[in-house]
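# Geometric and topological summary
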Amino acid sequence: ERAFEVLSRVEERGDNRLGVEAMGLLDAYGIPTPQGDIVDDASDAVAVAQDIDGDVVMKIVSPDILHKSDIGGVKVGVANEDAYDAYEDLVTRARNYQPDADIIGVQVQEMVDLEDGVETIVGMNRDPQFGPLLMFGLGGIFVEVMEDTTFRVAPVAESEAREMTREVKSAPLLRGARGRDPVDVDGVVETIQRLSQLVDDFPAIVELDINPLVALPTDGGDGETEDDRGVAAVDVRLTVD
Ligand code: ADP
Ligand code: MG
């Protein structure tokens, strides 16, 4: 299975952490991820950017850099013709931050509409007593400052996953508060369930965070195409035992 391949990569590396290289694992479990690829060459970055509609996001991929934006390791809205320089710049920034950093490459990723979407966080922490604890919250200040989160022990049924999306204080923002468009809550519920399945299948994963999982408007958004709807896991990191 594809999921096993992703996880065996961590072991080969002699490390226990994975970043956006784990996107394939989400993909294998049907959790939507933006189009994109990881490259280790600036020319390849241009080629991948050209295959993606519009501007792209570029991110440094390194097990030594867990919080990519903290070191300027995420560039949003990169035009095709800037992808080459952006690649070189990201690698330079990583080297400046930590000269001996293990750099796998750069991820070139489709842009997700954060303006109309809502950033959420779906995560899992394996508790020695309770087992895999699934976490849900809304991104940004809601989780980081207000600690507005909710937990359930995996595996979760659909009804429990739905409860999670209702009981955080910031929940009304998902359903169209303050004149905003309601976002795809069903997509979030499904993602929580799929993550539940994933961590149930792989006891070796002790921690996993999708941050952010962007929930997109169900209608009235920018476009009317299928692509403008649903959810998108734009960032992931996990730790294995
Ligand atoms: P990190 O959490 O390691 O800093 P992320 O991949 O989460 O890195 O990127 C940081 C932020 O950049 C995200 O929280 C999001 O606001 C923005 N971002 C990342 N990827 C995309 C994308 N594909 N489309 C739009 N915005 C993005
Ligand atoms: Mg992130």
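Residues numbered from 1 in each chain as written. Chains lettered and ligands numbered in written order. Predicted model: local features only at pLDDT ≥ 70, side-chain atom pairs only at ≥ 80, totals over all residues. Heavy atoms only, no water.

### Details of empty space enclosed by the protein
What the rule picks out here adds up to 1 cavity of 30 Å³ or more. One number sums up the size of the largest cavity: a volume of about 90 Å³. Residue assignment for the lining of the largest cavity shows that the elements contributing at least two residues are strand S3 (56-61) and strand S11 (236-240). Taken together, the residues that form the lining of the largest cavity break down as 8 nonpolar, 2 polar and 3 charged. (1 Å grid on protein atoms, 1.4 Å probe; cavity = no way out; pocket = protein on both sides within 12 Å on 5 of 7 lines; lining within 4 Å. Points joined across faces, edges and corners; volume = space filled by probe spheres on them. Helix = DSSP H or I, 4+ residues; strand = E, 2+ residues; numbered from the N terminus. Nonpolar A, V, L, I, M, F, W, Y, C, P; charged D, E, K, R; others polar.)

### Some remarks on a negative patch on the surface
On the surface, a cluster of negative charge is contributed by Asp-37, Asp-40, Asp-41, Asp-44, Asp-55, Glu-81, Asp-82, Asp-85 and Glu-88. One can find Asp-44 in helix H3 (residues 42-51). (Patch = residues over 30% accessible without salt bridge, like charges linked within 9 Å, V, L, I, M, F, W, Y side chains within 5 Å. Areas by Shrake-Rupley, 256 points an atom, 1.4 Å probe, with all protein chains shown as cover. Salt bridge = Lys/Arg side-chain N within 4 Å of Asp/Glu carboxyl O. Lys, Arg positive; Asp, Glu negative; His and termini not counted. Charge placed at Lys NZ, Arg CZ, Asp CG, Glu CD.)

### Quick look at the pairing of strand S5 (residues 105-110)
Taken across its 6 residues, S5 has 5 buried, putting it largely inside the fold. Pairing between strand S2 (residues 36-39) and S5: 4 bridges, direction antiparallel. Bridge pairing links Asp-37 to Val-108 in S5. In this structure, S3 lies alongside S5, joined through 6 bridges in antiparallel fashion. Looking at the pairing, Met-58 lines up with Val-108 of S5. (Buried < 20%, exposed > 50% of the residue type's maximum accessible area, 1.4 Å probe, protein only. Pairing = 2+ DSSP bridges.)

### Things to note about the site of ligand 1
Taken together, 18 residues sit near ligand 1, with Lys-59, Lys-68, Ser-69, Gln-109 and Val-112 positioned nearest. Within the side chain of Ser-69, an N or O atom sits 2.3 Å from an oxygen atom of ligand 1. Within the contact set of ligand 1, a nitrogen atom lies 2.9 Å away from a backbone nitrogen or oxygen of Val-112. Considering ligand 1 on its own, with 540 Å² of exposed area, one finds that the protein chains cover 86% of that surface. The set of elements that each furnish at least two residues to the shell around ligand 1 consists of S3, S5 and strand S9 (205-215). When residues of the shell around ligand 1 are assigned to domains, at least three map to each of domain 1 (2-110) and domain 2 (118-240). (Near = heavy atom within 4 Å. Polar contact = N/O pair within 3.5 Å; in protein donor to acceptor, adjacent residues only side chain to side chain. Domains from an automatic or database assignment.)

### Thoughts on helix H4 (residues 83-97)
Spanning 15 residues, H4 covers 21 Å between terminal C-alpha atoms, matching the ideal 21 Å at 1.5 Å per step. Of the residues making up H4, those classed as buried are Ala-83, Ala-86, Tyr-87, Leu-90, Val-91 and Ala-94. For H4, the buried positions fall inside an angular range of 130° around the axis, keeping them on one side. In this structure, H4 carries Asp-85 and Asn-96 as exposed residues pointing more than 90 degrees from its buried face. Structurally, H4 contributes buried residues whose contacts are with S2, H3, S3, strand S4 (74-78) and S5. (Expected span 1.5 Å × (residues − 1). Arc of directions from axis to C-beta. Contact = heavy atoms within 4.5 Å.)

By themselves these figures say nothing about function.
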